[in-house]
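Residue-level listing of the chains:
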Amino acid sequence: MNDKNQEIVRGAFREYYFKHSSQVEMPQDIAHREFGYMHLAAGMTRHLSFKSRGEVMAGLVREVPSDVYCSNAIYRFPTLPMNEKQWQGADLIFDIDGKDLDLPCVPSHTYRVCASCKHVSPPSEKEYACLSCASKKAEHVSIPCSRCIDGSKKEAKRLIDFLIEDLGINKSSIRLYFSGNNGFHFHIDDESYRPLDSPARSDLVGYLSGIGLMAESIGVRKSPGSDLAFVKFPKGGLDYGWRKKIADRLKIDATSAIKLSNRIKEKGFSAFKSEVDSMAREAGVRIDPQVTTDVHRVFRMPGTLNSKSGLTKKRCDIDQIDSFDPFQEACLLGDSKIKVHLKTPVKFSLKGESFRISKESAELPAFAAVYLICKGLADAS
Ligand SMILES: [Zn+2]
Ligand SMILES: [Zn+2]
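## Quick look at unusual backbone geometry
Piece 1. Its identity is not glycine, yet Val64 carries a phi of approximately 45°, on the positive side.
Piece 2. As for its position among the elements, Val64 is in the loop between helix 2 (53–63) and strand 3 (67–71).
Piece 3. In this structure, Lys351 is a non-glycine residue whose phi angle is positive, near 50°.
Piece 4. Using a count of 16 C-beta atoms within 10 Å as the deciding quantity, one classes Lys351 as partly exposed.

## Here's the deal with the sheet that holds strand 21 (residues 361–365)
Pairing between sheet strands relies on hydrogen bonds along the backbone, with the strands arranged either parallel or antiparallel.
Piece 1. Taking strand neighbours across the sheet as the criterion, the 3 strands line up as 21-18-22 in an open arrangement whose pairing is antiparallel. Each of the sheet's edge strands pairs with one partner strand only, and the pair in question is strand 21 and strand 22 (378–380). Strand after strand, the sheet turns through a mean of 45° between neighbouring axes, direction not considered.
Piece 2. Against the sheet, helix 10 (residues 366–375) contacts strand 18 (337–342), strand 21 and strand 22, and its axis sits at roughly 120° relative to strand 21.

## What to know about the domain arrangement of the chain
Piece 1. On domain assignment, one finds that the chain holds domain 1 (3–100 + 145–207 + 288–333), domain 2 (106–142), domain 3 (211–283) and domain 4 (334–381).
Piece 2. Placing the centre of domain 3 and that of domain 4 at their C-alpha centroids yields a distance of 53 Å.

## Comments concerning the sheet that holds strand 8 (residues 120–121)
Piece 1. Spatial strand order, 8-7-9: 3 strands in an open sheet with antiparallel pairing. The sheet is open, and its two borders are formed by strand 8 and strand 9 (138–142), each paired with just one other strand.

## A few points about the environment of Ser270
Piece 1. Position of Ser270 among the secondary structure elements: in helix 7 (residues 269–283).
Piece 2. Between the alpha carbons of Ser270 and Ala229 there is a distance of 9.6 Å; along the sequence they are 41 residues apart.

## Here we look at the pairing of strand 19 (residues 346–350)
Piece 1. Here strand 19 pairs with strand 20 (residues 353–357) via 5 bridges, running antiparallel. Bridge assignment links Leu350 to a residue of strand 20, and that residue is Glu353.
Piece 2. Here strand 19 folds back onto strand 20 in antiparallel fashion, the turn holding 2 residues, of which Lys351 has a positive phi close to 50°.

## Observations concerning the nonpolar core
Piece 1. Ranked by size, the top nonpolar core spans 67 residues in total, and within it Leu159, Val340, Ala369, Val370, Leu372 and Ile373 carry the most contacts.
Piece 2. The element best represented in this core is helix 10, accounting for 9 residues.
Piece 3. If you count residues domain by domain, this core takes at least three from each of domain 1 (3–100 + 145–207 + 288–333) and domain 4 (334–381).
Piece 4. Not counting chain neighbours up to four residues away, the residues in contact with Ala369 comprise Ile8, Ile338, Val340, Leu364 and Ala378.
Piece 5. In this structure, Ala215, Leu238, Leu260 and Ala280 belong to the second largest nonpolar core, which totals 14 residues.

The rules behind the values
Residue positions are given per chain, counted from 1 along the sequence in the order it is written. Chain letters and ligand numbers both follow the written order, the letters beginning at A and the numbers at 1. Where local features are concerned, this predicted model is filtered to residues with pLDDT of at least 70; where side-chain atom pairs are given and counted, the filter is 80 or more; whole-chain, interface and lining totals use all residues. Working definition: helices are DSSP H or I runs of at least four residues, strands are E runs of at least two. Numbering for both runs from the N terminus. Any residue with 12 or fewer other C-beta atoms within 10 Å of its own C-beta is exposed, any with 20 or more is buried, and the rest are partly exposed; the C-beta atoms used are placed from the backbone. The pairing criterion for strands is at least two bridges between them, as found by DSSP. Note on method: axes are straight lines fitted to C-alpha atoms, helices fitted across the in-contact stretch only, with angles between N-to-C directions ranging 0 to 180 degrees. By definition, residue pairs are in contact when their C-beta atoms, positioned from the backbone, come within 7 Å. Residue ranges assigned to the domains are those given by an automatic or database domain assignment. Only buried residues count toward a nonpolar core: Ala, Val, Leu, Ile, Met, Phe, Trp, Tyr and Cys, linked into one set through C-beta atoms within 7 Å.

So, in structure tokens, the structure goes:
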């Protein structure tokens, strides 16, 4: 980011931390967390520690980091190097990222920023080649649309279901946030998960995503040496967890052993198994496995700004998820006018305002100017 862009973004971010300090949520056991700052000029500082809300906020207003992170882990000595921190446990966290969902709308709002000359090419179905220097390498920048957000919401709702129905987590312990760009973050306030080590969290991710779910778990066993199977439903029944999800999709219940057995006879065990696999993929949640399994991660702090967009990592009430509009509710930067030079025609909506800009220069409210600068699609002029 050039100096002029940094100055504009820094000004808007500082104003946010002054005016909207109440948005920033402090973690429990604040003095035992590790904090990290990403800087606008590039580079990351980790192993920071604060004793109080006042100290955190003073740091944000003074340093104006581009991104602020806090450990999900609790440490005895958060400022020491990792192997001396003395890990005491970590909150359970999840990350749903719209870019991992393979949504069909994405190519229509993905801009390509050339890796060598930084020229921006507008969305196109054609194979990429920079219009200015013909380079084939580019950074992909997306302006998420409402369909992207609906896609992430669908995953988030599925995860909420799993957490409550399958894991028995109390609804009031689930904190849901818009990530500040194109997805949702979950923080689970349930201390019983804190001691889980990385392999245990990895098992949990496997369960939630339905990876490696076996036909055996609903009582279907391949007969040795043939493509037939033997059906014996589990004693515990088919009415909870994955067994229920698969049974519902197969439209069977505990009385359907013969019906299922005939069905497998018709299509063969291999075909049945791949049917169950694709049902499991469809019913599972697409979460980032690395985020959940890393017990030393610093994770974006609730209520802080995301430098990929200038939007806030904003709390979303899980009962209001359908009506939650992040482009409205997480857009909290000011609206003083800022002149920008646009690198490409763009369209987007923020704070209830639709922007469709094809001119090379424009005067925009700060929240929109910062959005485009953060995306690399405009420069402050
Ligand atoms: Zn180029
Ligand atoms: Zn989209």
